[in-house]
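Coordinate analysis (summary)
One letter stands for each residue in the lines below.
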Amino acid sequence: MTVTDQPSPIDALQDLRRSIDNIDAALVAMLAERFRCTKAVGALKARYGMPPADPARETRQITRLRTLAEDAHLDPDFAEKFLNFIIHEVIRHHEAIAKQSAETPAK
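In this report, the structure presented in the accompanying data block is examined. (Residues numbered from 1 in each chain as written. Predicted model: local features only at pLDDT ≥ 70, side-chain atom pairs only at ≥ 80, totals over all residues. Heavy atoms only, no water.)

Next up on the list: the overall build of the protein. The secondary structure content of the protein amounts to 3 helices and 0 strands. By the compact-globule yardstick of 13 Å for 107 residues, the protein is too spread out, its C-alpha radius of gyration being 21 Å. Taken along the three principal axes of its C-alpha coordinates, the protein extends 75 × 30 × 15 Å. Of the contacts made within the protein by residues no fewer than 6 positions apart, 61% connect residues no fewer than 24 positions apart. Accessible surface for the protein amounts to roughly 8600 Å². Of this, 62% is attributable to carbon and sulfur atoms. Each charge class in the protein was averaged separately, 15 positive and 16 negative side chains, and the resulting centres sit 11 Å apart. (Helix = DSSP H or I, 4+ residues; strand = E, 2+ residues; numbered from the N terminus. Rg over C-alpha atoms; globule rule 2.2 N^0.38 Å. Contact = heavy atoms within 4.5 Å. Areas by Shrake-Rupley, 256 points an atom, 1.4 Å probe, with all protein chains shown as cover. Lys, Arg positive; Asp, Glu negative; His and termini not counted. Charge placed at Lys NZ, Arg CZ, Asp CG, Glu CD.)

The topology assignment puts valine 41 in helix H1 (residues 9-47). For valine 41, a relative accessible area of 38% translates into the label partly exposed. Placed 12 residues apart in sequence, valine 41 and alanine 29 show a C-alpha to C-alpha distance of 19 Å. (Buried < 20%, exposed > 50% of the residue type's maximum accessible area, 1.4 Å probe, protein only.)

We now examine the packing of aromatic side chains. Inspection of the entire model under this criterion finds 1 aromatic pair. Judged by centre distance (6.4 Å) and plane angle (20°), the rings of phenylalanine 78 and phenylalanine 82 are stacked. Of this pair, phenylalanine 78 and phenylalanine 82 both sit in helix H3 (residues 76-103), separated by 4 residues, roughly a single helical turn. For phenylalanine 82, a relative accessible area of 39% corresponds to the partly exposed category. (Phe/Tyr/Trp six-rings, centres within 6.5 Å; stacked < 30°, edge-to-face > 60°.)

Moving on, we get to H1. Taking 1.5 Å per residue as the helical rise, H1 with its 39 residues ought to reach 57 Å, and the 57 Å between its terminal C-alpha atoms agrees with that figure. Taken together, the buried positions of H1 are Thr38, Gly42, Lys45 and Ala46. Just downstream of H1, glycine 49 is the residue with a positive phi angle, here 65°. (Expected span 1.5 Å × (residues − 1).)

Along the chain, histidine 94 turns up in helix H3. For histidine 94, a relative accessible area of 4% puts it in the buried group. At 2.7 Å, the side chain of histidine 94 and the backbone oxygen of threonine 38 are in polar contact. The contacts of histidine 94, once residues within four sequence positions are left out, are Thr38, Val41, Gly42, Lys45 and Pro52. (Polar contact = N/O pair within 3.5 Å; in protein donor to acceptor, adjacent residues only side chain to side chain.)

Together, Ile23, Leu27 and Met30 line one region of the surface with nonpolar side chains, adding up to about 300 Å² of accessible area. Relative to the helices and strands, methionine 30 resides in helix H1. With a relative accessible area of 53%, methionine 30 lands in the exposed category. (Patch = residues over 30% accessible without salt bridge, like charges linked within 9 Å, V, L, I, M, F, W, Y side chains within 5 Å. Salt bridge = Lys/Arg side-chain N within 4 Å of Asp/Glu carboxyl O.)

These results come straight from atomic positions and should not be treated as a statement about function.
Here is the structure:
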C-alpha cells in the first residue's frame, strides 16, 4: 500500500462522522422503542394501581448495566448516569399516565 492509497485525514474524519451519525440514529430508534415499551408498562401499572417507580428493579438494572458497560470497556459511572436519566424520565411518564388514568373515568 502506498501513501496515496490511504484516505486523507479529511476523508477519514468524514467516514468516522458518518459512522457516528449512523450510531446516533440507531440510538434514537432504540430509545424510541424502549419508551414505547415503558409507556405500556406505565399503562399497566396505572390500570392495576401499581407504583410508578420500582426501586428494587432500578437497583438491579443499574448493577446489570454497570457490568455490561465494564464488559464493553465503557465507563460504568457514565453508563449509570445515562440509565438514571432514562429511569427518571420513565418514572415521570408513569406518574403522568397514572394521573391521567385517575382523572379519566373507567368505561
